[in-house]
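Take a look at the letters that make up each chain.
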Amino acid sequence: QVQLVESGGGLVQPGGSLRLSCTASRSIFSINVMGWYRQAPGKQRELVATITSVGSTNYADSVKGRFTISRDNARNTVYLQMNSLKPEDTAVYYCNVLIQVTRWDFPKDYWGQGTQVTVSS
């Protein structure tokens, strides 16, 4: 079984920055799309950003120009650099990765445990 381990959340003032990381817990045959989602209290989970295996990225309009998603394929890790943070970015952030664990498996979605990001003065 694969676990996605997230880190990097915390409390930051408006205008500040945070960097989230998400790493797969074991060696993997293949990773396709990697992404970040977030869920604020009382709201549905929403897409923040995704990155494909060849580096194509997609961002929610609300974070374009402020957030950057990247990946390190050798480390099975995806990052989210968040700059110019706003109070409305406050949420639990989840990584989501499409993983083929071995060559005999079908690709499957995996989720991280979530990390809290709070933007407040």
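Everything numeric in this text was worked out from a predicted model, so none of it was measured.

1. Topic: the overall build of the chain
The helix and strand inventory of the chain stands at zero helices and 11 strands. Starting at the N terminus and walking to the C terminus, you meet the elements of the chain as β-β-β-β-β-β-β-β-β-β-β. Computed over its C-alpha atoms, the radius of gyration of the chain comes to 14 Å, within 12% of the 14 Å expected for a compact globule of 121 residues. Its C-alpha atoms put the chain at 50 × 25 × 25 Å along the principal axes. Taken over 121 residues, the chain has a buried fraction of 43%. Taking the contacts inside the chain whose residues are at least 6 apart along the sequence as the reference set, 56% of them involve residues at least 24 apart.

2. A few points about the pattern of salt bridges
Taken as a whole and judged by the stated rule, the model has five salt bridges. Notably, a salt bridge pairs Arg38 with Asp89, separated by 3.0 Å at the nearest N-O pair. Within this pair, whereas Arg38 is found in strand β4 (residues 30–39), its partner Asp89 is found in the loop between β8 (77–82) and β9 (91–100), the two being separated by 51 residues in sequence. Residues Arg38 and Asp89 agree in their burial class; the two are buried. Each of the salt bridges in this network shares a partner with another, and the network as a whole consists of Arg38, Glu46, Arg66 and Asp89.

3. Focus on the side chain of Ser21
Mapped onto the secondary structure, Ser21 falls in strand β3 (residues 18–24). For Ser21, a relative accessible area of 15% corresponds to the buried category. Apart from the residues within four sequence positions on either side, Ser21 is in contact with Val5, Glu6, Ser7, Trp36, Val78 and Tyr79.

4. Quick word on the side chain of Glu6
Its place among the elements puts Glu6 in strand β1 (residues 4–7). Comment: no salt bridge for buried Glu6; closest opposite-charge side chain is Arg45, at 7.9 Å. There is a polar contact of 3.2 Å between the side chain of Glu6 and the backbone nitrogen of Gly114.

5. Brief notes about the sheet that holds β1
What links the strands of a sheet is backbone hydrogen bonding, and the strands pair in either a parallel or an antiparallel sense. As summarised here, the arrangement of the four strands in space is β1-β3-β8-β7, forming an open sheet in which the pairing is antiparallel. Only two strands of the sheet have a single partner each, and these edge strands are β1 and β7 (67–72). Averaged over all pairs of adjacent strands, the angle between strand axes in this sheet comes to 15°, irrespective of strand direction. Relative to β8, β7 runs antiparallel, the two sharing six bridges.

6. Points about the state of the cysteines
Here a disulfide denotes a covalent bond joining the sulfur atom of one cysteine to the sulfur atom of another. Evaluation of the coordinates by the stated rule reveals one disulfide. Disulfide partner of Cys22: Cys95, at an S-S distance of 2.0 Å. Since a negative S-S torsion denotes a left-handed disulfide, the Cys22-Cys95 link at about 50° is right-handed. Taken together, the positions of Cys22 in strand β3 and Cys95 in strand β9 put the pair 73 residues apart, joining distant regions of the chain.

The rules behind the values
Residues numbered from 1 in each chain as written. Predicted model: local features only at pLDDT ≥ 70, side-chain atom pairs only at ≥ 80, totals over all residues. Heavy atoms only, no water. Helix = DSSP H or I, 4+ residues; strand = E, 2+ residues; numbered from the N terminus. Rg over C-alpha atoms; globule rule 2.2 N^0.38 Å. Buried < 20%, exposed > 50% of the residue type's maximum accessible area, 1.4 Å probe, protein only. Contact = heavy atoms within 4.5 Å. Salt bridge = Lys/Arg side-chain N within 4 Å of Asp/Glu carboxyl O. Lys, Arg positive; Asp, Glu negative; His and termini not counted. Polar contact = N/O pair within 3.5 Å; in protein donor to acceptor, adjacent residues only side chain to side chain. Pairing = 2+ DSSP bridges. Axes fitted to C-alpha atoms, helices over the stretch in contact; angles between N-to-C directions. Disulfide = S-S within 2.5 Å.

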